[in-house]
Amino acid sequence: MNPRTPRTRPARRSALVLTVALSALSLTACGVVDGLGGDDDSASQGTGNDITVGLLLPDKDTARFEKFDHPLIKERVAELTDRKGEVVYANAEGSKARQSEQFARLIADGVDVILVDAVDAGAVAADVRKAKDAGIPVIAYDRLAEGPIDAYVSHDNALVGEVQGRAIVDALGEDAADRKIVMMNGEPADPNTALFKKGALGELDGKVDIARSYDTEKWLPEVAAENMRKAIREVGAGDIAAVYSANDGMAGAVIDVLQDAGVTDLPPVTGQDADLAAVRRIVAGTQHMTVYKSFLLEAQGAADMAVARVRDQDIQFDALTRERVDSPTRQDIPSMLVPVVALDRDNIRNTVIQDGVYTVDDICAPAYAAACAEIGLTS
Ligand code: GAL
């Protein structure tokens, strides 16, 4: 096994159902989450609300971090602490050096707990160690940071890749084996990248011809665009039957490049994150699918775990972290893994709209009104 590839317990994998409706997920997950927070809990434990959570997120190029993760965690911490708790937030803007400085500042400020979504999962280990030495617990958020972390909250990331890979095989149908596809993978220092890729390859290997495969430095759309131009030059625009794109930011760049190359009948392009721009492309038919991960459940889980840890509420903490995951440096890390759902033209209403991530009006701006009407998306 790749030493950087975290191992998830197999039992959990089989327990996840790909097509489960998000409403059901919300109920299940909130059954865990909702029972643990709130005023009663803190009051009965006689524990403080005066909690400072340090939050370190990796970049601003992917919409989710600023738009969802930060505000959702902040709101949940406020809810759990009678609005007295605080989140001190910093975004590393893609720089592991900057993230290390931000980490040091949180330790110097003596925050109560740190949630970190690592720019570089290996490099961050030294900072995790320093926080632990200072008595500050660290929870890995979304990406499995190395070092002595207390817990991890994320999605089943190999499943994300499987869902994407399967969408391509299904879209290509019968003659998939003869068709050439291009893979746009993420940033290699992000441990999720290896999991997405592994999950996707499990579906694609032997079923399609993987003509080109690229890593994408820092997940940058402009890097994906450059690689897509290269793939078109080398493989030929007309011969690319599908593009596996690990996330939505890159999918947007890939689609632009294909269109600039004169491709009108676009091949299926995958994505991840359910960015608003991607959901609109799915409505318009230019992007085939995305993977919808409930950032709400992930963010709430993180906030609940952080607050429970600071309050020494071990029973609650254990209930939130029933999974076990191994990193290259630590085994049996208590974890919460939130399920994922494939989002395409058929289930926009049952996923992001039902969960209140976007309204119909958010998605169906005037340029998309006709396409929205076609799939029954009207307010
Ligand atoms: C991954 C994350 C994805 C996506 C990507 C781009 O680690 O799980 O949701 O945002 O990073 O930064």
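About the criteria used
Residues numbered from 1 in each chain as written. Predicted model: local features only at pLDDT ≥ 70, side-chain atom pairs only at ≥ 80, totals over all residues. Heavy atoms only, no water. Salt bridge = Lys/Arg side-chain N within 4 Å of Asp/Glu carboxyl O. Helix = DSSP H or I, 4+ residues; strand = E, 2+ residues; numbered from the N terminus. Near = heavy atom within 4 Å. Polar contact = N/O pair within 3.5 Å; in protein donor to acceptor, adjacent residues only side chain to side chain. Areas by Shrake-Rupley, 256 points an atom, 1.4 Å probe, with all protein chains shown as cover. pLDDT = per-residue confidence, 0-100. Contact = heavy atoms within 4.5 Å. Core = buried A, V, L, I, M, F, W, Y, C linked by side-chain atoms within 4.5 Å. Buried < 20%, exposed > 50% of the residue type's maximum accessible area, 1.4 Å probe, protein only. Expected span 1.5 Å × (residues − 1). Axes fitted to C-alpha atoms, helices over the stretch in contact; angles between N-to-C directions. Left-handed = near helix turned anticlockwise from the far one by under 90°. Nonpolar A, V, L, I, M, F, W, Y, C, P; charged D, E, K, R; others polar.

1. As for the pattern of salt bridges
Charged atoms that come close allow side chains of opposite charge to pair. All chains considered together, the criterion is met by 22 salt bridges. The partner of R76 in a salt bridge is E79, with the nearest N and O atoms 2.9 Å apart. Placement of both R76 and E79 in helix α4 (residues 63–80) is noted, with a separation of 3 residues, approximately one turn of the helix. The salt bridge partner of R229 is E226, with a shortest N-O separation of 3.2 Å. Taken together, the residues R229 and E226, both in helix α9 (residues 221–235) and 3 residues apart, mark about one turn of the helix. Residues participating in the shared-partner salt-bridge network are R64, D69, D142 and E298.

2. Digging into the site of the ligand
Around the ligand, the surrounding shell holds 14 residues, and the nearest of these are R64, D142, R143, D190 and D273. D142 is positioned with one of its side-chain polar atoms (N or O) 2.6 Å from an oxygen atom of the ligand. Contact between the ligand and K293: an oxygen atom at 2.9 Å from a side-chain N or O atom of the residue. Protein chains shield 100% of the accessible area of the ligand, which is 300 Å² for the free molecule. Of all the secondary structure elements, the ones that give two or more residues to the shell around the ligand are α4 and α8 (191–204).

3. Some remarks on the confidence of the model for the protein chain
Counting all residues, the mean pLDDT for the protein chain is 90, and 88% of those residues have values of 70 or more. Segment residues 1–5: pLDDT under 50, and 13 contacts once partners within four positions in sequence are set aside and those in other chains are kept. Note that pLDDT drops below 50 for residues 9–46; the model gives that stretch 60 contacts with residues more than four away or on any other chain.

4. Looking at the nonpolar core
Counting residues in each nonpolar core, the largest one holds 44 residues, and the members touching the most others are M228 and L258. Mapped onto this core, the elements with two or more residues apiece are α7 (157–172), β7 (180–184), α8, β8 (209–214), α9, β9 (240–245) and α10 (248–260). Apart from the residues lying within four places of it in its own chain, the contact partners of L258 are M228, I232, V243, V263, L266, P267 and V269. By size, the runner-up hydrophobic cluster in this structure holds 27 residues, among which are L55, V77, I139 and M305.

5. Description of α10
Between its first and last C-alpha, α10 extends 18 Å over 13 residues, near the 18 Å set by a 1.5 Å rise per residue. Those residues of α10 that fall on the buried side of the exposure criterion are D248, M250, A251, G252, A253, V254, I255, V257 and L258. Close packing links the buried residues of α10 with β7, α9, β9, α11 (276–284) and β10 (290–293). Put simply, N247 is the residue that caps the front of α10, since its side-chain oxygen is 3.3 Å from the backbone nitrogen of G249. Positive phi shows up at G262, right after α10, with a value of about 90°.

6. Examining the packing of α7 against α8
As a packed pair, α7 and α8 sit with axes 6 Å apart at the nearest point and diverge in direction by 35°. Read as a crossing pair, α7 and α8 show a hand that is right-handed. Contact residues: α7 offers N157, A158, V160, G161, E162, G165, R166, I168 and V169, while α8 offers N192, L195, F196, G199, A200, E203 and L204. Taken together, the residues that form the contact of α7 with α8 break down as 8 nonpolar, 5 polar and 3 charged.

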